[in-house]
Amino acid sequence: MMQFTISRATITSRIAGVFALLLLAVLAAAPWWASSSFLHLAGEFAVYLALATLWNLLAGYTGLVSVGQQAYVGLGGYITFSLALFLGVHPLLAIPLAGLVAALVAIPVASLVFRLAGAYFAIGTWVMAEVFRLIAAQATALGGGSGISLPATVTKELGGKWLREASIFWLALALGAGCLALVYLLLRSRIGLALTAIRDSEVASTSLGIRIGRVKHVLYVLVAGLTAMIGALISLQKLRVSPDAAFSVNDWTAFVIFIVVIGGIGTIEGPIIGTIVYFLLREFLADFGTLYLLFLGTLAIVVMLAAPKGLWGYAAERFGWSLFPVGYRIHFKD
Amino acid sequence: MDLINIVLQGVLVGGLYALFAAGLSLIFGVMRLVNIAHGDLIVLAAYIAMEVIRLSGLPPLLALIFVVPVMAAFGYALQRGILNRTLGGDLLPPLLVSFGLSVILQNGLLAVFTADSRKLDAGVLETASLSFGGLSIGLLPALMFATAVAVIAALQFMFYKTALGRAFRATSDDAEIAELMGLDRRRVYAWAMALCLGVVAIAGVFLAIRSNFDPFMGPGRLIFGFEAVIIGGLGNLWGTLAGGVILGVAQGLGAAIDPGWQILAGHVAFLLILAIKPRGLFPRMDG
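**Some remarks on the overall build of chain A**
Move 1: Each helix and strand counted, chain A has 16 helices and 4 strands in total.
Move 2: In terms of overall size, chain A behaves like a compact globule, its C-alpha atoms giving a radius of gyration of 20 Å where 334 residues would be expected to give roughly 20 Å.
Move 3: Seen along its three principal axes, the alpha-carbon backbone of chain A occupies a region of about 75 × 50 × 40 Å.
Move 4: For chain A, long-range pairs separated by at least 24 residues make up 78% of all intrachain contacts whose partners lie at least 6 apart in sequence.

Printed below as a string of C-alpha cells:
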C-alpha cells in the first residue's frame, strides 16, 4: 500500500507566518518610532491592501466583478459622519456601525444587481454607486455637492494630535491585517472550499451541491459591510467627506482592480504584491501626474494579456511558492 | 402643455442616448463584450471632430465625413490588436483591459487637450426651431432623434439583410461553427467594432454640439448607454431606442422637479425597470 502524508503548511509558509507576526508587532509600535508622514503612508497602504483583498475575494473567487465598490466606501464615510454629527456617536464606535448599516443596505442592492449577469453586473454595480453619490450630493445637511469636514469638536473626541494619528493608524493596521486574516481563515474553512470550487468551475461545483447563488449573495453582503468599514476609516483619515471623492470610481475601484490584477487575482498573496507594486510606482512616478496614470493603465493591460494570473500567479506556478496555504498537499513516501 | 413639452424634449434627448447605446448593443450582440471605454471613445470622437474642424474649417456635421472613418479604422485596429486577445469565455480580461483603456483615454485626452471644457459650434442649427401648434422643437434635437432612428434602421437592415450581418449573427450564435463555415471570427469581431465606433463617432459629434465636453465625461455617457440597452432588452436595437427615450423622459421629468434630480431620476427609472422586468422591456437574447 502506498504511504502518504497530508499537509497544509510548507516551510515557506511557516517562515512567512512568523515574519508576518513580527512585522505586525513592529508596525503596531510605529506610533512610538515613526514620523507622522510614515504613519499616514502606512495607513493608506493598509486601506488599499484591505480594499484589494476584499475585491479579490469577490471577483477572484466567485466571479462577481464589481466596479461599484466605491458605493460602500462612500456609504461608510457618510454613515460615520452622520452618526458622529447628528447622533453624537464616538467616531471610532461609528466604524463598526457603518459596516453594519452598509451590510443591511447591501441586501436589497444585491437582489437588484444580481439580476444582471457577467459584465452587465459590473456596470450595474457602477450605476448603484452613482445613485449613492447623487443622493449624497442632495444631502444638504452633509454639505450637498461640496461635502463637509469633521468639526473640531468631534475630532477632539479622538484625542490630541499624537493619539489621534496613532489610533487612526492602529485602526488601519487592524482593518488591513484583519481583512487579510479573515480571508485566509475563510478560505481554509468549509465555505472556502466552496469558494475555491466556484472559482475553478461553477458547473462542477453546482453538481456537487454548492448553492452558488446563496454563497455569492452572502459574500457580497459581507464584503459590502467590510468595505464600508474601510470607507469609514478613510473618512476619519481625511476628516472630510465629499460626494466626488468618497464615491470616486478611480480611487476606490479602478486602482484596486489594477492592484489585484497586477499582483495576481484569485490568490491571497496577489493583492499584497499588487499593493506593494502600486505604492512603489506611486512614490516614484506620482510627480509625473497624468503620465503616471497612463503608465498604470498600460501596465494593467500588459499584465492581463501577458500574465493573466498576475505577478504572484506567475511566480507561484513557476516556483511552487505559497505563503498562505489554503489547500492540501499530498506527499507520497518513496 | 408644460408636461407635454418636457416629455417631448425628453424623447428627443433619448435619441442621443440611443446613439450612445447602439454601438454597445451591437458589440454585445456579436461578441458578448462590454466595453468600459465606450463612453471615453465617444469623448475621443468629439475631440477628433474638434481637431478636424480646427484644421479644415468644416461645419461639425460635415466633419463626420472624416471622423466616422477614422474612428471605424481605430475600432478595427483596437479589436484586432488588443481586444481579440481578451475574448474567450472568461469575463475579467475584456472588462479589465477596457477599464485600462478607459483610464488611458481619459488621461491621454487630459494631457493633450487639458481639462478645459470644449464645445463644437454648429451655428444657426443650435438655435433654429420648428413650431407645431404652440409646441416648439429645436432643430438640433429633432435632427439628433432622426439620426438615431436612421442609424438604428441602418444597423437593423445591415444585421438582417446583408452578408456582413449574416456573419455577425452566425458568429454570435456559435463562433466555432461559423469558423467551420469559413468565417474568421477575429475579422468578424473587428468589423463589428469598426461599425460600433462609426456609430460612436456620430454620437460624439452630436454630444459635442449639444453640450460642453471634457476628458472625464465618458463614464457618464457609458452609463446612459448601458441603461438604455438594459431598459430596452438585450439584443433588440429598436428596444434600445425605446430605452433611450424612456431614460430621456425620466431625466426630463426629474429635472422639472429639481435640477439636482435629473440624472438620479434616470437611474431610478432604470432600477425600477430592472426590479419589475429584469430582462428589459423587449428582450431578444439572454445575457
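**Structural notes on the overall build of chain B**
Move 1: The helix and strand inventory of chain B stands at 11 helices and 2 strands.
Move 2: Reading the secondary structure of chain B in the N-to-C direction produces α-α-α-α-β-β-α-α-α-α-α-α-α.
Move 3: Whereas a compact globule of 287 residues would reach a radius of gyration of roughly 19 Å, chain B reaches 19 Å, a difference of no more than 12%.
Move 4: Here the C-alpha coordinates of chain B stretch approximately 60 × 50 × 35 Å along the principal axes.
Move 5: Out of the 287 residues belonging to chain B, those deemed buried represent 52%.
Move 6: For chain B, the share of sequence-separated contacts (at least 6 apart) that also reach a separation of at least 24 residues comes to 75%.

**Some details on helix α8 (residues 185–210) of chain B**
An α-helical segment advances 3.6 residues per turn. Residues three or four places apart therefore align on the same side.
Move 1: The first and last C-alpha atoms of α8 of chain B sit 37 Å apart over 26 residues, in line with the 38 Å expected at 1.5 Å per residue.
Move 2: Of all 26 residues that make up α8 of chain B, 21 are buried, and the element is covered over most of its length.

**Let's talk about helix α14 (residues 269–285) of chain A**
Residue and element names in this part refer to chain A.
Move 1: Over its 17 residues, α14 extends 24 Å from the first C-alpha to the last, a length consistent with the 24 Å expected when each residue adds 1.5 Å.
Move 2: Listing the buried residues of α14 in full gives Glu269, Gly270, Pro271, Ile272, Ile273, Gly274, Thr275 and Tyr278.
Move 3: Buried residues along α14 sit in contact with α3 (36–62), α13 (249–263) and α16 (310–319).

**What about unusual backbone geometry?**
Move 1: Positioned with a positive phi, Leu239 of chain A is a non-glycine residue whose angle comes to about 55 degrees.
Move 2: Within the secondary structure, Leu239 of chain A sits in the loop between α11 (212–238) and β3 (240–241).
Move 3: For Leu239 of chain A, a count of 17 C-beta atoms within 10 Å gives the class partly exposed.
Move 4: A positive phi angle, near 55 degrees, is found at Arg32 of chain B, a position not held by glycine.
Move 5: Position of Arg32 of chain B relative to the elements: it lies in the loop between α1 (2–31) and α2 (38–56).

**Focus: the confidence of the model for chain B**
Residues and elements named next belong to chain B.
Move 1: Considering every residue of chain B, the mean pLDDT works out to 90; 99% of them sit at 70 or more.
Move 2: Across chain B, the element-wise mean pLDDT spans from 80 in strand β1 (residues 129–132) up to 95 in α2.
Move 3: We note a pTM of 0.91 for the whole complex and an ipTM of 0.88 for its interfaces.

**What about the interface of chain B and chain A?**
Move 1: With 31 residues of chain B in contact, the opposing surface of chain A contributes 35 residues.
Move 2: Of all the secondary-structure elements, those providing two or more residues to the side of chain B that touches chain A are α4 (92–113), α9 (218–232) and α11 (262–276) of chain B.
Move 3: Ranked by residue count, the leading element in the side of chain B that touches chain A is α4 of chain B, at 13 residues.
Move 4: In the side of chain B that touches chain A, the residues fall into 23 nonpolar, 6 polar and 2 charged.

**A short note on the packing of α9 of chain B against α11 of chain B**
Packed helices, taken two at a time, are described by their axes: the angle between them and the distance between them.
All names here are of chain B.
Move 1: Where α9 contacts α11, the two axes come as close as 10 Å, and the packing angle between them is 30 degrees. The angle between α9 and α11 falls in the class roughly parallel. Judged by the twist between their axes, the crossing of α9 over α11 is left-handed. Residues Glu227, Ile230 and Ile231 of α9 lie in contact with α11, whose contacting residues are Gly266, Phe270, Ile273 and Leu274.
Move 2: Among the residues forming the contact of α9 with α11, the class breakdown is 5 nonpolar, 1 polar and 1 charged.

**Observations concerning the nonpolar core**
The tendency in soluble globular proteins is for nonpolar side chains to be buried side by side.
Move 1: In this structure, Ala45, Ala49 and Val205 of chain B are the most contacted members of the largest nonpolar core, which totals 205 residues.
Move 2: If sequence neighbours within four positions are ignored, Ala49 of chain B has contacts with Pro60, Ala63, Val67, Leu120, Gly204, Val205 and Ala208 of chain B.

**Topic: the environment of Ser172 of chain B**
Residues and elements named next belong to chain B.
Move 1: Inspection of the secondary structure assignment puts Ser172 in helix α6 (residues 163–173).
Move 2: Residue class for Ser172 comes out partly exposed when judged on the 19 C-beta atoms lying within 10 Å of it.
Move 3: Distance from Ser172 to Ala37, taken between C-alpha atoms, is 22 Å for residues 135 residues apart in sequence.
Move 4: Those residues within four positions of Ser172 in sequence are excluded, and the remaining contacts are Gly29 and Val30.

**A word on the pairing of β1 of chain B**
Residue and element names in this part refer to chain B.
Move 1: Pairing geometry for β1 and strand β2 (residues 135–138), over 4 bridges, is antiparallel. Looking at β2, one finds that Ser131 is bridged to Ser136.
Move 2: Taking the residues between adjacent antiparallel strands as the criterion, β1 and β2 are bridged by 2 residues, where Gly133 takes a positive phi near 40 degrees.

**Here we look at the environment of Ala46 of chain B**
Residue and element names in this part refer to chain B.
Move 1: As for its placement among the helices and strands, Ala46 is situated in helix α2.
Move 2: Separated by 167 residues in the primary sequence, Ala46 and Phe213 place their C-alpha atoms 8.0 Å from one another.
Move 3: Once you skip the residues sitting within four places of it in the chain, Ala46 turns out to touch Gly204, Val205, Leu207, Ala208 and Phe213.

**Notes on the packing of helix α6 (residues 118–138) of chain A against α9 of chain B**
Move 1: In the contact formed by α6 of chain A and α9 of chain B, the axes pass within 11 Å of each other and the chain directions differ by 120 degrees. For the element pair α6 of chain A / α9 of chain B, the angle class is oblique. Viewed along their axes, α6 of chain A and α9 of chain B form a crossing whose handedness is left-handed. Along the contact surface, α6 of chain A presents Tyr120, Ile123, Trp126, Val127 and Glu130 of chain A, while α9 of chain B presents Ile223, Phe226, Glu227 and Ile230 of chain B.
Move 2: Residue composition of the contact of α6 of chain A with α9 of chain B, grouped by class: 7 nonpolar, no polar and 2 charged.

**Examining the confidence of the model for chain A**
Move 1: Considering every residue of chain A, the mean pLDDT works out to 87; 97% of them sit at 70 or more.
Move 2: Element-level pLDDT for chain A is lowest in strand β4 (residues 329–332) of chain A, with a mean of 72, against a maximum mean of 94 in helix α4 (residues 70–86) of chain A.

**Description of the environment of Asn84 of chain B**
Residues and elements named next belong to chain B.
Move 1: As for its placement among the helices and strands, Asn84 is situated in the loop between α3 (60–81) and α4.
Move 2: Overall, the presence of 19 C-beta atoms within 10 Å leaves Asn84 in the partly exposed class.
Move 3: Setting aside residues up to four positions removed in sequence, Asn84 forms contacts with Gln79, Arg186 and Tyr189.

Calculation rules
- Residues numbered from 1 in each chain as written.
- Chains lettered and ligands numbered in written order.
- Predicted model: local features only at pLDDT ≥ 70, side-chain atom pairs only at ≥ 80, totals over all residues.
- Helix = DSSP H or I, 4+ residues; strand = E, 2+ residues; numbered from the N terminus.
- Rg over C-alpha atoms; globule rule 2.2 N^0.38 Å.
- Contact = placed C-beta atoms within 7 Å.
- Buried ≥ 20, exposed ≤ 12 C-beta atoms within 10 Å, placed from the backbone.
- Expected span 1.5 Å × (residues − 1).
- pLDDT = per-residue confidence, 0-100.
- Nonpolar A, V, L, I, M, F, W, Y, C, P; charged D, E, K, R; others polar.
- Axes fitted to C-alpha atoms, helices over the stretch in contact; angles between N-to-C directions.
- Parallel < 35°, antiparallel > 145°, perpendicular 65-115°, else oblique.
- Left-handed = near helix turned anticlockwise from the far one by under 90°.
- Core = buried A, V, L, I, M, F, W, Y, C linked by C-beta atoms within 7 Å.
- Pairing = 2+ DSSP bridges.

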